[in-house]
Amino acid sequence: MRQKPTVLAREIVASSRLFRVEQVQLRFANGAERTYERLVGRGAGYGAVMIVAMLDAEHAVLVEEYCGGTDEYELSLPKGLIEPGEDILAAAERELKEEAGYGARQLEHLTELSLSPGYMSQKIQVVLATELYEESLEGDEPEPMGVDKVNLRELSALVQNPQFTEGRALAALYLVRDLLTQRGVFQP
């Protein structure tokens, strides 16, 4: 196993309401020194959750929302921040109700994904939600989100949709498709 680099210095070089940019001076085992910058979360860093909510054995819920990063309306999976004191499954249940108008009788934490580990410290927890029922909660979104669905057999076509660009959502959908296939729930 490789030896992690030695941290020589850390400094917050920019800050906003949501993020901080941290500059880290590192020395590697071979003596090379580099300065890295990374985006780090603000405050306690409770994390985030992304939900693959299955309407049935082959259809997952997608939501459409305006995304400031791309300045476009994008399709993705329901997701959001985990509140202080809230566990992963409770956050998944809340976000699913707020964003898609569904609750789930079964929730299962599957894995943790990062978006860009070379530049960001944030990670997201992937949760599988099944046995859905209609129930809504008031969320913090500025406008109602569109709700759509995708057939797990059509993931390669989904990638061609210019409104669907989030890599971690695609990874979560493939993960769930493979898991449900292994369990004999989904027949490809």
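A short tour of the structure in this document, coming up. (Residues numbered from 1 in each chain as written. Predicted model: local features only at pLDDT ≥ 70, side-chain atom pairs only at ≥ 80, totals over all residues. Heavy atoms only, no water.)

1. Considering the overall build of the protein
And step 1. What the protein contains, in helices and strands, is three helices and 10 strands.
And step 2. Helices (α) and strands (β) of the protein occur, in sequence order from the N terminus, as β-β-β-β-β-β-β-α-β-β-β-α-α.
And step 3. Along the first, second and third principal axes, the C-alpha atoms of the protein reach 55 × 35 × 35 Å.
And step 4. Burial statistics for the protein: of 188 residues in total, 34% are counted as buried.
And step 5. Across the protein, contacts joining residues at least 24 apart in sequence account for 57% of those joining residues at least 6 apart. (Helix = DSSP H or I, 4+ residues; strand = E, 2+ residues; numbered from the N terminus. Buried < 20%, exposed > 50% of the residue type's maximum accessible area, 1.4 Å probe, protein only. Contact = heavy atoms within 4.5 Å.)

2. What about the nonpolar core?
Across soluble globular proteins, nonpolar side chains have a tendency to be buried as a group.
And step 1. In terms of nonpolar packing, the biggest core is built from 24 residues, with Val52, Met54, Leu77, Leu152, Phe164 and Leu173 touching the most fellow members.
And step 2. Secondary structure elements with two or more residues in this core: β4 (48–53), β5 (59–67), β9 (123–134), α2 (155–159) and α3 (167–182).
And step 3. Considering every element that reaches this core, the biggest residue donor is α3, with seven residues.
And step 4. Filtering out sequence-adjacent residues up to four positions away, phenylalanine 164 remains in contact with Leu62, Glu74, Leu75, Ser76, Leu158, Val159, Ala169, Leu170 and Leu173.
And step 5. One finds Val61, Ile82, Leu96 and Leu132 within the second-largest nonpolar core, a separate group that totals 16 residues. (Core = buried A, V, L, I, M, F, W, Y, C linked by side-chain atoms within 4.5 Å.)

3. Quick look at α3
And step 1. Between its terminal C-alpha atoms α3 stretches 23 Å, which fits the 22 Å expected from 16 residues at 1.5 Å a residue.
And step 2. Taken together, the buried positions of α3 are Ala169, Leu170, Ala172, Leu173, Val176, Leu179 and Leu180.
And step 3. Of the residues flanking the end of α3, it is glycine 184, one or two places downstream, whose phi is positive at about 80 degrees. (Expected span 1.5 Å × (residues − 1).)

4. Comments concerning the packing of aromatic side chains
And step 1. Applying the stated rule across the entire model yields two aromatic pairs.
And step 2. Measuring from centroid to centroid gives 6.3 Å for phenylalanine 28 and tyrosine 36, while their planes differ by 45 degrees, and the two rings are tilted.
And step 3. Ring geometry for tyrosine 66 against tyrosine 73: centres 5.6 Å apart, planes inclined by 65 degrees, an arrangement best described as edge-to-face. (Phe/Tyr/Trp six-rings, centres within 6.5 Å; stacked < 30°, edge-to-face > 60°.)

5. Overview of the pattern of salt bridges
Two side chains that carry opposite charge are able to pair once their charged atoms sit near each other.
And step 1. If you walk through the whole model with that rule in mind, you get 16 salt bridges.
And step 2. For arginine 27, the salt bridge identified is with glutamate 33, shortest N-O distance 2.8 Å.
And step 3. The partly exposed category is assigned to arginine 27, whose relative accessible area is 36%.
And step 4. Accessibility expressed as a relative area gives 36% for glutamate 33, which makes it partly exposed.
And step 5. Glutamate 108 is paired through a salt bridge with arginine 183; the nearest N and O atoms lie 2.6 Å apart. Of this pair, glutamate 108 sits in strand β8 (residues 102–114) while arginine 183 is found in the segment after α3, placing the two residues 75 residues apart along the sequence.
And step 6. What makes arginine 183 partly exposed here is its relative accessible area of 44%.
And step 7. In the salt-bridge network here, residues are joined through shared partners; they are Glu83, Glu86, Arg94, Glu95 and Glu98. (Salt bridge = Lys/Arg side-chain N within 4 Å of Asp/Glu carboxyl O.)

6. Brief notes about the sheet that holds β8
And step 1. On the basis of which strands lie adjacent, the open sheet formed by four strands has the order β7-β4-β9-β8 and mixed pairing. The sheet is open, and its two borders are formed by β7 (79–81) and β8, each paired with just one other strand. In this sheet, neighbouring strand axes are inclined to one another by 25 degrees on average, regardless of whether the strands run parallel or antiparallel.
And step 2. Here six bridges tie β4 to β9, and the two strands are oriented parallel to one another. Within β9, the residue paired with alanine 48 across the bridge is isoleucine 124. (Pairing = 2+ DSSP bridges. Axes fitted to C-alpha atoms, helices over the stretch in contact; angles between N-to-C directions.)

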